[in-house]
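# Notes for the structure review
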Amino acid sequence: KDKSHLICEGPYSVIRHPLYFGTVLIGFSTAFFVESAIYTVALTVTAFFYLGITLPKEEQTLVTIYGDSYCDYMKRVPRFWPNWKNFQ
């Protein structure tokens, strides 16, 4: 794979982790339709725990690979809540 180019367009221009964001949205939509408070609480706790560990580790790896380019990207694009004004 070519790791020399950081993708910053499309969904990556509004949020750094669009796949995780979409997965969480799907999970919460399932919780809405299931109408289970226990499921919703379990999903929330699991998501915060998993993402709290995974996102920083992935971002550190990307800083190692892309250096200053990824650091600049992190300053421009939010980690987990989309900023639609950034869309490119």
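Quick caveat: nothing in here was measured; it's all calculated off a predicted structure.

This part covers the packing of helix H1 (residues 18-34) against helix H2 (residues 37-66). The contact between H1 and H2 brings their axes to 10 Å, and the two run at 175 degrees. Between H1 and H2, the angle falls in the class roughly antiparallel. Contacts between H1 and H2 involve Tyr20, Val24, Gly27, Phe28, Thr30 and Ala31 from the former and Tyr39, Thr40, Leu43, Thr44, Ala47, Tyr50, Leu51, Thr54, Leu55 and Glu58 from the latter. Looking at side-chain class alone, the contact of H1 with H2 contains 10 nonpolar, 5 polar and 1 charged residues.

Bringing the nonpolar core into the picture now. Leu6, Cys8, Val63, Tyr70, Tyr73 and Val77 together form the largest nonpolar core, which totals 6 residues. When residues no more than four places from it in sequence are discounted, the contact partners of Tyr73 are Leu6, Cys8, Tyr12, Ile15 and Arg16. Counting residues in hydrophobic clusters, the runner-up holds 5 residues, among them Val24, Ala47, Leu51 and Leu55.

The space that makes up the largest pocket amounts to roughly 330 Å³. As for the largest pocket, its lining consists of 13 residues, of which Tyr12, Arg16, His17, Pro18 and Leu62 are closest to the centre. Elements with a minimum of two residues in the lining of the largest pocket: H1, H2 and helix H3 (68-76). Tallied by class, the residues present in the lining of the largest pocket amount to 10 nonpolar, 1 polar and 2 charged.

Before going further, it helps to examine unusual backbone geometry. Despite not being glycine, Glu35 has its phi angle at roughly 55 degrees, a positive value. Here Glu35 is to be found in the loop between H1 and H2. When its relative accessible area of 72% is taken as the criterion, Glu35 is described as exposed.

The next point concerns the pattern of salt bridges. If you walk through the whole model with that rule in mind, you get 2 salt bridges. With a closest N to O distance of 2.9 Å, Arg16 and Glu59 form a salt bridge. Here Arg16 is found in the segment before H1, whereas its partner Glu59 is found in helix H2, with 43 residues between them in sequence. Arg16 sits in the buried class, given a relative accessible area of 10%. With relative accessibility at 4%, the residue Glu59 sits in the buried group. For Arg79, the salt bridge goes to Glu59, with nearest N and O atoms at 2.6 Å. Placement of the pair is Arg79 in the segment after H3 and Glu59 in helix H2, with a sequence separation of 20 residues.

The subject of this paragraph is the confidence of the model for the protein chain. On average, the protein chain scores 91 in pLDDT, and the residues at 70 or more come to 97%. Mean pLDDT across the elements of the protein chain bottoms out in H1 (92) and peaks in H3 (95).

What counts, and where the lines are drawn
Residues numbered from 1 in each chain as written. Predicted model: local features only at pLDDT ≥ 70, side-chain atom pairs only at ≥ 80, totals over all residues. Heavy atoms only, no water. Axes fitted to C-alpha atoms, helices over the stretch in contact; angles between N-to-C directions. Helix = DSSP H or I, 4+ residues; strand = E, 2+ residues; numbered from the N terminus. Parallel < 35°, antiparallel > 145°, perpendicular 65-115°, else oblique. Contact = heavy atoms within 4.5 Å. Nonpolar A, V, L, I, M, F, W, Y, C, P; charged D, E, K, R; others polar. Core = buried A, V, L, I, M, F, W, Y, C linked by side-chain atoms within 4.5 Å. Buried < 20%, exposed > 50% of the residue type's maximum accessible area, 1.4 Å probe, protein only. 1 Å grid on protein atoms, 1.4 Å probe; cavity = no way out; pocket = protein on both sides within 12 Å on 5 of 7 lines; lining within 4 Å. Points joined across faces, edges and corners; volume = space filled by probe spheres on them. Salt bridge = Lys/Arg side-chain N within 4 Å of Asp/Glu carboxyl O. pLDDT = per-residue confidence, 0-100.

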